[in-house]
Amino acid sequence: MERYALIGHPLGHSLSPQIHQRLFQLEGVKAEYLLDDFPPQALEAHLPILQSYAAFNITIPYKTALLDHLAGISENARLYGSVNAVQVREGRFYGDNTDCVGFLRTLEGHGLSLNTRVCVVGAGGVGRMFALEAARQGAQVTLAARASSLEKARQVAAEGLEKLGTQIRVQPLETLDGPFGLLINATPVGMYPKVDASPVPKALLEQVEAVFDCIYNPSQTLLLQWAKELGKPAVGGMGMLVWQAAAAHELWLGTRFSHRAIQQLIGEMERLLAEREGRP
Ligand code: NAP
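Described in the following lines is the structure provided in the data block.

### With respect to the overall build of the protein
No. 1: Assigned secondary structure in the protein consists of eleven helices and twelve strands.
No. 2: Against the 2.2 N^0.38 benchmark of 19 Å for 280 residues, the protein shows a C-alpha radius of gyration of 18 Å, consistent with a compact globule.
No. 3: Along the first, second and third principal axes, the C-alpha atoms of the protein reach 55 × 45 × 35 Å.
No. 4: Counting all 280 residues of the protein, 53% fall into the buried class.
No. 5: Counting every atom, the protein has about 12,900 Å² of accessible surface; 51% of that belongs to carbon and sulfur.
No. 6: One way to put it: in the protein the 25 positive side-chain charges average out to a point 2 Å from where the 28 negative ones average out.

Structure follows, in structure tokens:
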């Protein structure tokens, strides 16, 4: 039986095995999906194990660390400097970025457009991808970051200019001001167990038309609750998580999943997570 895995450190209670096993079921494929948690100093020694997988997904801290070990990289992954899906062919690694596909299909599934003023809050790995992709799609992008990551945000803006010829406006989080067509949370603020926090004040949401929060645990963050109270479309991160996994299967096995099948799986995973955390 072919073996697949998620590599990262620490992995905690990842939902990836459940998502990928359900995708294999939908495909009628018998395969194993493992959690492979090892510390960064063990990466070199671990390469033969990675070569034994048919393919694997990557999370922190290997999304950038594995770049040096790739025999090939997709245009997307090169643009974001981040790989989250790797196919192994004859012991060589070929990297792709399906987080971006997950992001775009989630927005598309909810009728949200990037053809607007987009504010990305957070300039880490995923914030960088959101900002560059939104800029690539023609959005007017503001990248908001707290003081400690303003320099990172400026680097993303410089990359946007160099690689895409597009201006990305950098704004300190404390002075953030709308209006925005879409506000995206790319920070861990509001994530379980610290669920009573939001990356921006509620008042800012009055100047925002729609919200996407990439956090998926809980499925309803405080930010999303506030947006809904104000009658704005509000979308959580589980769709992105499931769609990035489905997009990896499309690359690895050539499968095309229907929106309906993936929508069902998203609901299933939200219920599974709520049960696991003992929430109603
Ligand atoms: P990361 O590289 O660590 O970046 C996190 C960013 O958030 C950094 O810019 C950090 O600033 C900022 N931040 C942290 N705490 C903050 C606070 N209290 N106020 C303001 N900014 C704060 O992490 P990442 O990989 O980009 O992931 C970010 C979030 O996205 C995580 O919650 C992750 O679970 C989620 N995610 C979801 C999906 C999905 O499929 N739904 C995929 C990827 C990631 P500093 O640099 O100053 O620390």
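### Focus on the pairing of strand S1 (residues 2-8)
No. 1: When you tally the buried positions in S1, you get five out of seven residues, the bulk of the element.
No. 2: As for the winding sense of the linkage, the β-α-β connection from S1 through helix H1 (residues 16-27) to strand S2 (residues 31-37) is right-handed.
No. 3: As judged from the four bridges shared by S1 and strand S3 (residues 55-58), these two strands associate in the parallel manner. By the bridge assignment for S3, Ala5 is matched with Phe56.

### A closer look at the site of the ligand
No. 1: Around the ligand, the structure places 20 residues, and the nearest of them are Val126, Arg146, Ser148, Lys152 and Cys214.
No. 2: The backbone of Ala123 places a nitrogen or oxygen atom 3.2 Å from an oxygen atom of the ligand.
No. 3: Calculation on the ligand without its partners gives an accessible area of 940 Å², and the protein chains cover 76% of this total.
No. 4: Secondary structure elements with two or more residues in the shell around the ligand: helix H6 (125-136) and helix H10 (238-253).
No. 5: Of the residues assigned to the shell around the ligand, the class counts are twelve nonpolar, six polar and two charged.

### Thoughts on the packing of aromatic side chains
No. 1: Within the structure shown, the criterion is met by eight aromatic pairs.
No. 2: Between Tyr4 and Phe24 the ring centres are 4.9 Å apart and the planes differ by 50 degrees, which places this aromatic pair in the tilted class. Residue Tyr4 is found in strand S1, and its partner Phe24 is found in helix H1; the two are separated by 20 residues along the sequence.
No. 3: Judged by relative accessible area, which is 0%, Phe24 ranks as buried.
No. 4: Relative to Tyr62, the ring of Phe38 lies with its centre 4.8 Å away and its plane at 20 degrees, an arrangement referred to as stacked. Of the two residues, Phe38 is situated in the loop between S2 and helix H2 (43-51) and Tyr62 in helix H3 (residues 62-65); the sequence distance between them amounts to 24 residues. For the pair Phe38 and Tyr62, a shared accessibility class is recorded, and that class is buried.
No. 5: Ring pairs connect the aromatic residues Tyr4, Phe24 and Trp252, which therefore count as one cluster.
No. 6: Taking NZ or CZ as reference, Arg89 lies 4.0 Å from the ring centre of Tyr94, over its face.

### Considerations on the packing of H1 against helix H11 (residues 259-276)
No. 1: For the pair H1 and H11, interaxial distance at closest approach is 11 Å and the crossing angle is 145 degrees. By crossing handedness, the relation of H1 to H11 is classed as right-handed. Facing H1, whose interface residues are Gln18, Ile19, Arg22, Leu23 and Leu26, H11 presents Ala261, Ile262, Leu265, Glu268, Met269, Leu272 and Arg276.
No. 2: Taken together, the residues that form the contact of H1 with H11 break down as eight nonpolar, one polar and three charged.

### Examining empty space enclosed by the protein
No. 1: Scanning all chains against the criterion turns up one cavity of 30 Å³ or more.
No. 2: As a volume, the largest cavity reaches approximately 50 Å³.
No. 3: Contributing to the lining of the largest cavity are Lys63, Ser82, Asn97, Asp99, Gly125, Val126 and Met129.
No. 4: Broken down by element, the lining of the largest cavity gets its largest block of residues, three residues, from H6.
No. 5: For the lining of the largest cavity, the residue count by class is two nonpolar, three polar and two charged.

### Side note on the nonpolar core
Within soluble globular proteins, side chains that are nonpolar tend to cluster in buried spots.
No. 1: Residues Phe103, Val120, Phe130, Ile168, Leu182 and Phe212 are the most contacted members of the largest nonpolar core, which totals 33 residues.
No. 2: Those elements that place two or more of their residues in this core are helix H4 (75-80), helix H5 (99-109), strand S7 (117-121), H6, strand S8 (140-145), helix H7 (150-164) and strand S10 (182-185).
No. 3: If one sorts the elements of this core by residue count, H6 sits on top with six residues.
No. 4: If sequence neighbours within four positions are ignored, Phe130 has contacts with Phe103, Val120, Ile184, Asn185, Ala186, Phe212, Cys214 and Met240.

### Observations regarding the layout of surface pockets
No. 1: One number sums up the size of the second largest pocket: a volume of about 220 Å³.
No. 2: If you list the elements that add at least two residues to the lining of the second largest pocket, you get H5, strand S12 (234-235), H10 and H11.
No. 3: Ranked by residue count, the leading element in the lining of the second largest pocket is H11, at five residues.
No. 4: Of the residues in the lining of the second largest pocket, the class split is six nonpolar, ten polar and two charged.

Conventions used here
Residues numbered from 1 in each chain as written. Predicted model: local features only at pLDDT ≥ 70, side-chain atom pairs only at ≥ 80, totals over all residues. Heavy atoms only, no water. Helix = DSSP H or I, 4+ residues; strand = E, 2+ residues; numbered from the N terminus. Rg over C-alpha atoms; globule rule 2.2 N^0.38 Å. Buried < 20%, exposed > 50% of the residue type's maximum accessible area, 1.4 Å probe, protein only. Areas by Shrake-Rupley, 256 points an atom, 1.4 Å probe, with all protein chains shown as cover. Lys, Arg positive; Asp, Glu negative; His and termini not counted. Charge placed at Lys NZ, Arg CZ, Asp CG, Glu CD. Right-handed = clockwise from strand over helix to strand, strands pointing away. Pairing = 2+ DSSP bridges. Near = heavy atom within 4 Å. Polar contact = N/O pair within 3.5 Å; in protein donor to acceptor, adjacent residues only side chain to side chain. Nonpolar A, V, L, I, M, F, W, Y, C, P; charged D, E, K, R; others polar. Phe/Tyr/Trp six-rings, centres within 6.5 Å; stacked < 30°, edge-to-face > 60°. Lys NZ or Arg CZ within 6 Å of the ring centre and 35° of its normal. Axes fitted to C-alpha atoms, helices over the stretch in contact; angles between N-to-C directions. Left-handed = near helix turned anticlockwise from the far one by under 90°. Contact = heavy atoms within 4.5 Å. 1 Å grid on protein atoms, 1.4 Å probe; cavity = no way out; pocket = protein on both sides within 12 Å on 5 of 7 lines; lining within 4 Å. Points joined across faces, edges and corners; volume = space filled by probe spheres on them. Core = buried A, V, L, I, M, F, W, Y, C linked by side-chain atoms within 4.5 Å.

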